[in-house]
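Here is how the chains run, residue by residue.
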Amino acid sequence: MSFDLGPALLFCPADRPERFAKAVDRADAVILDLEDAVLPAAKAEARANVRSAALDPARVIVRVNAPSSAEFDADLAALAETGFRTVMVAKSESASDLDRLGDAYDLIALCETARGVHAAPDIAAHPRVVALMWGAEDLVASLGGTSSRTAAGLYRDVARYARSRVLLEAGAHGKAAIDAVHVDIGDLEGLQQEATDAAASGFRATACIHPSQVSIVREAYRPDAETVAWARAVLEAAATERGVFRFDGRMVDEPVLRHARFVVSRAR
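Reading guide: rules and limits
Residues numbered from 1 in each chain as written. Predicted model: local features only at pLDDT ≥ 70, side-chain atom pairs only at ≥ 80, totals over all residues. Heavy atoms only, no water. UniProt positions renumbered as here; feature names shortened; annotations may be inferred. Helix = DSSP H or I, 4+ residues; strand = E, 2+ residues; numbered from the N terminus. Buried < 20%, exposed > 50% of the residue type's maximum accessible area, 1.4 Å probe, protein only. Salt bridge = Lys/Arg side-chain N within 4 Å of Asp/Glu carboxyl O. Pairing = 2+ DSSP bridges. Axes fitted to C-alpha atoms, helices over the stretch in contact; angles between N-to-C directions. Expected span 1.5 Å × (residues − 1). Arc of directions from axis to C-beta. Contact = heavy atoms within 4.5 Å. Left-handed = near helix turned anticlockwise from the far one by under 90°. Nonpolar A, V, L, I, M, F, W, Y, C, P; charged D, E, K, R; others polar. Polar contact = N/O pair within 3.5 Å; in protein donor to acceptor, adjacent residues only side chain to side chain. Core = buried A, V, L, I, M, F, W, Y, C linked by side-chain atoms within 4.5 Å. Phe/Tyr/Trp six-rings, centres within 6.5 Å; stacked < 30°, edge-to-face > 60°. Lys NZ or Arg CZ within 6 Å of the ring centre and 35° of its normal.

The name recorded for the protein in an unreviewed UniProt entry is CoA ester lyase, from Microbacterium sufflavum. In its Cofactor (unreviewed entry) section, the UniProt entry covering the protein states "Mg(2+)".

**Some points on unusual backbone geometry**
In the Ramachandran plot, Lys91 falls in the positive-phi region, its phi being about 50 degrees despite a non-glycine side chain. Tracing the sequence through the fold places Lys91 in the loop between β4 (86-89) and α4 (95-99). Of note, the phi angle at Asp248 is positive, near 50 degrees, even though the residue is not glycine. Of note, Asp248 is situated in the loop between β9 (245-247) and β10 (250-252). According to the relative accessible area criterion, Asp248 is exposed, its value standing at 68%.

**A closer look at the pattern of salt bridges**
Between side chains of opposite charge, a pair can form as their charged atoms come close. Within this structure, the stated rule accounts for 19 salt bridges. Where Glu254 meets Arg261, a salt bridge forms, and the shortest distance between an N and an O atom there is 2.7 Å. Look at Glu254 and you get partly exposed, because its relative accessible area is 36%. A cluster of three or more residues bridged by salt bridges with shared partners is formed by Asp33, Glu35, Asp36, Arg63, Lys91, Glu112 and Asp138.

**Quick notes on the sheet that holds strand β1 (residues 8-13)**
In spatial order, the strands read β1-β2-β3-β4-β5-β6-β7-β8; together these eight strands close into a barrel with parallel pairing. Taken over all neighbouring pairs, the strand axes of this sheet differ in orientation by 25 degrees on average, direction set aside. Note that strand β6 (residues 129-134) and strand β7 (residues 176-179) share three bridges and pair parallel. In the sheet register, Leu132 faces β7, and the bridge partner there is Ala177.

**Some words on helix α12 (residues 254-267)**
Along its 14 residues, α12 runs 20 Å from first to last C-alpha, staying within 8% of the 20 Å computed at 1.5 Å per residue. Within the sequence span of α12, burial applies to Val256, Leu257, Ala260, Val263 and Val264. Buried residues of α12, viewed axially, fall in a sector of 115 degrees; they line one side. Elements in contact with the buried residues of α12: α11 (225-238) and β10.

**Looking at the packing of helix α9 (residues 188-201) against helix α10 (residues 214-221)**
The contact between α9 and α10 brings their axes to 8 Å, and the two run at 35 degrees. Between α9 and α10 lies a crossing whose hand is right-handed. Here Leu188, Leu191, Gln192, Ala195, Thr196, Ala198 and Ala199 of α9 lie close against α10, whose contacting residues are Ile216, Val217, Ala220 and Tyr221. Grouping the constituent residues of the contact of α9 with α10 by class yields nine nonpolar, two polar and no charged.

**Describing the UniProt feature "domain: HpcH/HpaI aldolase/citrate lyase" (unreviewed entry) in the protein**
The sites that carry the UniProt feature "domain: HpcH/HpaI aldolase/citrate lyase" (unreviewed entry) are, in the present numbering, residues 9-211. Helix makes up 38% of residues 9-211 and strand 19%, and the two end C-alpha atoms of the span are 10 Å apart.

**A short note on the environment of Phe72**
Summarising the element assignment, Phe72 is placed in helix α3 (residues 72-79). A relative accessible area of 0% places Phe72 in the buried class. Spatially, the C-alpha atoms of Phe72 and Ser92 are 12 Å apart, while their sequence positions differ by 20 residues.

**Observations regarding the side chain of Ser148**
Looking at where Ser148 falls in the secondary structure, it is placed in the loop between α7 (136-142) and α8 (157-172). According to the relative accessible area criterion, Ser148 is buried, its value standing at 1%. Here Glu137 takes part through its side chain, which lies 2.5 Å from a polar atom of the side chain of Ser148. Setting aside its immediate chain neighbours within four residues, Ser148 contacts Ala136, Glu137, Val140, Leu154, Tyr155, Arg156 and Ala159.

**Some words on the nonpolar core**
Leu32, Phe84, Leu132 and Trp134 are the most contacted members of the largest nonpolar core, which has 60 residues in total. Here this core takes five residues from α8, the largest share from any one element. Membership of the second largest hydrophobic core comes to 18 residues, among which are Leu5, Leu9, Val130 and Met133.

**Quick notes on the packing of aromatic side chains**
What the rule picks out here adds up to one aromatic pair. Seen from their ring centres, Trp134 and Tyr155 are 5.2 Å apart, and the 65 degrees between their planes marks the pair as edge-to-face. Here Tyr155 lies in the loop between α7 and α8 and Trp134 lies in strand β6, a separation of 21 residues in the sequence. Judged on exposure class, the residue Trp134 and its partner Tyr155 are both buried. Here Arg149 stacks its cationic end above the ring of Tyr155, 4.0 Å away from the centre of that ring.

As structure tokens, this is what we get:
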């Protein structure tokens with residue numbers, strides 16, 4: 001199992017089937033949302049839309065309701081009638097919750113509550129999990145807070161801690177990490193800064209809530225031409241070197257070569 005869908009993942013409410021095809025066209029993958037984007041009265045209709053969606057399963061993630069919710073079993077029953085096999089589990093709070101999905105799906109565990117972030121090591125170790133994502137607003141709500149950001153628009157300390165913990169636990173278990181959505185749709189500069197930091201820190205993707213965010217995220221994750229040229233050159237030099245060597249005035253060892261390989265992989 002591996003996560004390789006691309007950096008820009010676009011949420012789409014599952015009760016808006018007229019948006020499905022456009023969302024797939026505009027993003028690297030679409031997240032058909034059965035959870036927060038859908039009102040309780042529209043849940044059944046949303047599941048019917050997922051069952052009938054004629055989309056490429058390789059580019060679709062379905063976000064199901066929390067395992068603790070009354071909607072979870074109905075979501076799984078609907079999924080079983082589709083070809084979609086990548087599932088984002090909202091409000092994942094324990095590895096045992098994920099066992100309920102069986103072996104048919106690749107799982108993206110959304111650690112967006114205090115319990116979920118606390119349980120991130122066990123969740124990341126689950127054999128069906130391919131990626132972890134974190135969420136700021138539900139996290140702060142689970143703590144009894146009112147906002148994940150300061151008046152300046154920056155994440156509060158608790159949100160930064162959760163972001164870092166999810167990234168570290170995902171990496172420790174060889175899984176991908178997905179950065180949270182930037183809820184201020186008009187703040188493209190803030191999104192660009194966060195997505196650039198996410199890519200540099202090791203996140204594999206950033207979730208989007210509006211098509212206008214997709215190009216910003218893609219550009220942030222795409223290494224610039226100068227960096228790609230350096231990466232290719234240092235890898236070429238390494239082929240004739242033994243152990244640590246000097247390149248353009250910089251010491252190069254295996255961690256630097258790993259960085260270079262990842263840059264080249266993102267440039268393709």
